[in-house]
Amino acid sequence: MARLTERNSWKALEAHAARPQARDIVGLFASDPRRAERYSLEAAGLILDFSKNPVSDQTVQLLLALAAESSVAEQTQAMFDGRRINVTENRPVLHIALRNQSQRPICVDGRDVMPDVRAVLHRLREFSESVRNGTLRGSTGKPFADVVNIGIGGSDLGPLTIYSALRPFAQRGPRLHFVSNVDGAHLAATVADLDPEATLFIVSSKTFTTQETMTNARSAREWLLTNLNGAESLDSVVGQHFAAASTNLDETGAFGIPPERVFGFWDWVGGRYSLWSAIGLPIALAVGFRQFDRLLAGAYAMDEHFRNAPAHVNMPLLLALIGVWHTNFLDSPTHAVLPYAQDLSWLPMHLQQLDMESNGKSIDRAGDTVEYTTGPIIWGAPGTNGQHAFFQHLHQGTQVTPCDFIVAAKSEWGMAEHHEILLANCIAQSEALLRGRTKDEVLEELQARGIKGQEAQRLAAHRSFPGNRPSSTILMERLDAHSVGALIALYEHKVFVQGAIWNINSFDQWGVELGKGLAKEVLNDLRAGHASPDHDQSTAALIKRICAMRGKQ
Ligand code: G6Q
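Residues numbered from 1 in each chain as written. Predicted model: local features only at pLDDT ≥ 70, side-chain atom pairs only at ≥ 80, totals over all residues. Heavy atoms only, no water.

**Q** I would appreciate a short explanation of the nonpolar core in the present structure.
**A** Most often, soluble globular proteins have nonpolar side chains that are buried together. Core analysis: the biggest nonpolar cluster contains 117 residues, and Leu46, Trp268, Leu295, Met302, Ile406, Leu487 and Ile501 have the highest contact counts within it. Here the element with the most residues in this core is helix H21 (residues 481-502); it accounts for 14 residues. When sequence neighbours within four positions are dropped, the list of residues in contact with leucine 295 reads Ile162, Leu275, Trp276, Ile283, Ala481, Val484 and Gly485. Of all hydrophobic cores here, the second largest spans 22 residues; its members include Val148, Leu187, Val203 and Phe255. (Core = buried A, V, L, I, M, F, W, Y, C linked by side-chain atoms within 4.5 Å. Buried < 20%, exposed > 50% of the residue type's maximum accessible area, 1.4 Å probe, protein only. Helix = DSSP H or I, 4+ residues; strand = E, 2+ residues; numbered from the N terminus. Contact = heavy atoms within 4.5 Å.)

**Q** For this particular structure, what's the right way to read the sheet that holds strand E6 (residues 175-179)?
**A** Two modes of strand pairing occur in sheets, parallel and antiparallel, and in both the strands are linked by backbone hydrogen bonds. In spatial order, the strands read E6-E5-E7-E8-E9; together these five strands make up an open sheet with parallel pairing. Of all the strands in the sheet, the pair left with one neighbour each is E6 and strand E9 (262-264). Averaged over all pairs of adjacent strands, the angle between strand axes in this sheet comes to 20 degrees, irrespective of strand direction. As defined by bridge partners, strand E5 (residues 146-150) adjoins strand E7 (residues 199-204) across five bridges and the pair is classed as parallel. Directly across from valine 148, in E7, lies its bridge partner phenylalanine 201. Together, E5, E6, E7 and strand E8 (242-246) form the strand contacts of helix H10 (residues 211-227), whose direction differs from that of E7 by roughly 160 degrees. Against the sheet, helix H11 (residues 234-241) touches E7 and E8, its axis set at about 60 degrees to E8. (Pairing = 2+ DSSP bridges. Axes fitted to C-alpha atoms, helices over the stretch in contact; angles between N-to-C directions.)

**Q** I would appreciate a short explanation of the side chain of aspartate 303 in the present structure.
**A** Note on placement: aspartate 303 falls in helix H14 (residues 289-308). Within the structure, aspartate 303 has its side chain in polar contact with the side chain of histidine 493 (distance 2.7 Å). Beyond its immediate sequence surroundings of up to four residues, aspartate 303 is in contact with Phe80, Ile96, Arg99, Ala489 and His493. (Polar contact = N/O pair within 3.5 Å; in protein donor to acceptor, adjacent residues only side chain to side chain.)

**Q** For this particular structure, what's the right way to read the site of the ligand?
**A** Lining the immediate environment of the ligand, one finds 13 residues, of which Ser155, Ser205, Lys206, Thr207 and Thr210 sit closest. Within the backbone of glycine 154, one N or O atom sits 2.9 Å away from an oxygen atom of the ligand. One of the side-chain N or O atoms of threonine 207 is found 2.6 Å from an oxygen atom in the ligand. Relative to its unbound accessible area of 400 Å², the ligand is 87% covered by the protein chains. Residue composition of the shell around the ligand, by class: one nonpolar, nine polar and three charged. (Near = heavy atom within 4 Å. Areas by Shrake-Rupley, 256 points an atom, 1.4 Å probe, with all protein chains shown as cover. Nonpolar A, V, L, I, M, F, W, Y, C, P; charged D, E, K, R; others polar.)

**Q** Would you mind going over the packing of helix H1 (residues 8-17) against helix H15 (residues 315-329) with me for this structure?
**A** In helix packing, the relevant descriptors are the interaxial angle and the interaxial distance, both defined with respect to the helix axes. At a closest axis distance of 11 Å, the pairing of H1 and H15 adopts a crossing angle of 70 degrees. Relative to H15, the element H1 lies roughly perpendicular. For the pair H1 and H15, the contacting residues are Trp10, Leu13, Glu14, His16 and Ala17 in the first and Trp325, Asn328 and Phe329 in the second. Residues of the contact of H1 with H15, tallied by class, amount to five nonpolar, two polar and one charged. (Parallel < 35°, antiparallel > 145°, perpendicular 65-115°, else oblique.)

**Q** Help me understand the sheet that holds strand E11 (residues 377-380), please; the structure alone is not making it clear to me.
**A** In space, the six strands of this open sheet follow the order E1-E2-E13-E12-E10-E11, with mixed pairing throughout. Each edge of the sheet is formed by a strand with only one pairing partner; in this case those strands are strand E1 (40-43) and E11. The mean inter-strand angle of the sheet, taken between neighbouring strand axes irrespective of direction, is 20 degrees. Pairing of strand E10 (residues 334-339) with strand E12 (residues 403-408) involves four bridges; the strand directions are parallel. For alanine 336, the partnering residue across the bridge sits in E12 and is cysteine 403.

**Q** Sorry if this is basic, but what is going on with helix H5 (residues 72-80) here?
**A** For an α-helix, the turn length of 3.6 residues means that residues three or four places apart are oriented alike. When H5 is considered as a whole, its buried residues turn out to be Val72, Gln75, Thr76, Ala78, Met79 and Phe80. Its buried side turned inward, H5 meets helix H4 (57-69), helix H6 (95-98), H14, H15 and H21. Positive backbone phi, approximately 80 degrees, marks glycine 82, located one or two places after H5.

**Q** Got a minute to help me understand the packing of aromatic side chains in this structure?
**A** Where two aromatic rings form a pair, the distance of their centres and the angle of their planes describe that pair. Summed over the entire model, instances satisfying the criterion amount to 19 aromatic pairs. Their ring planes at 85 degrees and their centres at 5.9 Å tell us that phenylalanine 201 and tryptophan 223 sit as a pair that is edge-to-face. Of this pair, phenylalanine 201 sits in strand E7 while tryptophan 223 sits in helix H10, and the two are 22 residues apart along the sequence. You can call tryptophan 223 buried: its relative accessible area is 16%. With 6.3 Å between their ring centres and 40 degrees between their planes, phenylalanine 496 and phenylalanine 507 make a pair best called tilted. On the criterion of sequence distance, the pair formed by phenylalanine 496 in helix H21 and phenylalanine 507 in the loop between H21 and helix H22 (513-528) is long-range, its members being 11 residues apart. On the basis of relative accessible area, phenylalanine 496 is assigned to the buried category, the value being 5%. Using a relative accessible area of 10% as the deciding quantity, one classes phenylalanine 507 as buried. Among the aromatic side chains, those forming a connected cluster through ring pairs are Phe80, Tyr273, Phe306, Phe496 and Phe507. Over the ring of tyrosine 39 we find arginine 35, and its NZ or CZ is 4.1 Å from the ring centre. (Phe/Tyr/Trp six-rings, centres within 6.5 Å; stacked < 30°, edge-to-face > 60°. Lys NZ or Arg CZ within 6 Å of the ring centre and 35° of its normal.)

**Q** Teacher, can you tell me more about the environment of serine 246 here?
**A** Mapped onto the fold, serine 246 is located in strand E8. What makes serine 246 buried here is its relative accessible area of 0%. Between the C-alpha atoms of serine 246 and threonine 207, which are 39 residues apart in sequence, the distance is 6.5 Å. Not counting the four nearest positions on each side in its chain, serine 246 is found in contact with Ser205, Lys206, Thr207, Phe208, Thr252, Phe263, Gly264 and Phe265. For serine 246, the side chain forms a polar contact with the main-chain oxygen of lysine 206, separated by 3.2 Å.

Rendered as structure tokens:
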């Protein structure tokens with residue numbers, strides 16, 4: 001296969017992007033009264049309107065040709081077939097098996113993984129139901145009122161994002177808390193108001209060796225031992241107030257968690273793709289297993305769409321290709337995720353990890369340095385708050401930032417008046433980004449307000465908007481478990497397609513290793529009260545200052 005930048009479609013896209021009208025979205029609307037309809041798709045209960053992007057029929061054709069030349073369909077098939085596409089760790093990538101609702105077997109090395117997946121789901125159902133209905137209680141007989149998930153990265157952000165999204169469905173369940181940061185403030189502030197007798201900790205860690213998580217887990221165990229009335233032994237406390245989601249049964253056992261409280265998963269589930277596995281236990285505990293099942297069903301519906309829909313109407317594929325168009329040909333360095341839903345406030349962070357940890361790579365699958373831009377910086381915050389903060393940059397900054405607006409037509413909280421205002425703002429912002437406001441329009445308005453001449457000219461430049469700023473809108477009827485499942489799966493497959501085109505391994509994360517290793521060395525230095533000679537000057541000086549401040553020198 002020719003190198004990416006040597007492919008015909010890539011070269012054609014470069015020429016296409018060099019046209020003077022390449023960014024003229026307003027012009028595209030003017031020439032096509034059916035554009036909004038023709039550039040919208042529906043799948044798994046989600047509607048994607050991508051008409052406010054600078055793409056014409058020709059752009060889409062060229063992008064689809066790029067996908068074909070990059071063997072995206074074959075790579076997709078390889079993932080669904082359980083082939084070892086995570087080439088640096090020699091693992092299959094099968095988060096899609098976790099939500100496979102069909103009888104289709106999914107095999108790794110000839111062995112169907114589905115019976116194991118279903119067995120863990122069955123245990124998750126039983127455990128979550130017995131905690132929720134009070135059959136399973138703490139060591140003193142109190143039902144669990146609070147559940148604390150201890151995990152970080154993929155073992156935190158996924159469940160946290162989903163739990164926040166489904167808060168309206170969390171009635172009658174225990175309250176759920178998340179502790180991720182090794183900063184003691186996180187655990188201390190979380191447990192401060194909790195009743196140890198009614199608290200269940202879930203240690204969520206694929207490896208069960210992560211420094212932050214294990215430090216928090218040990219301190220939580222200590223807190224229970226100190227504060228639990230009648231805490232007899234470590235074993236009884238851990239056995240009754242802890243559960244774990246992990247692939248490392250040796251370590252969960254060594255921590256003291258009995259096997260019946262450990263929910264396993266497999267090395268073919270990447271951390272940032274693990275919320276569908278046992279890592280989703282806190283979600284099931286908070287909103288009930290039925291909702292968790294709906295979440296899986298929503299993701300499965302998107303998986304099936306992604307696997308089967310023809311390329312020109314394939315939602316994850318088109319979302320990914322439009323992203324490639326912005327990143328590689330229109331030079332947008334970042335991408336904003338703007339959920340107009342308070343309940344989706346963690347979504348930008350989750351997608352930031354999903355996308356940036358997957359595609360923040362500069363070495364291709366053959367081990368060569370790539371000669372093109374890969375994953376953009378993903379950022380964002382819920383609307384309407386962002387409007388009062390960084391939207392200035394989106395509308396008038398020198399960089400063009402493609403935006404994803406995400407919104408549900410109905411609210412789960414009632415409060416219809418609030419929701420109408422929210423919707424109006426969401427729609428108006430994408431309209432404003434597209435339409436802009438010319439200097440003449442501003443001058444006219446200023447004149448009507450009695451501001452004329454030089455003063456009007458001076459102000460008009462500041463008050464006009466360039467417009468033609470791209471966005472996609474993802475609309476759903478309700479923000480429920482099914483649509484949230486479909487939404488996250490949509491982005492997972494978008495990231496997959498982009499990684500496939502960029503020829504990078506989206507499923508490893510070696511970039512986080514170096515800092516982890518150095519942290520261990522620095523920790524030794526801080527404990528010993530001096531800086532070892534291997535550090536650079538700045539690092540050594542910082543260690544010395546800290547030691548001095550802590551009275552260790
Ligand atoms: C995600 C990453 C990373 C991981 C955390 C936690 O894809 O691999 O964020 O989830 O480092 O790891 P453990 O679950 O092993 O504690």
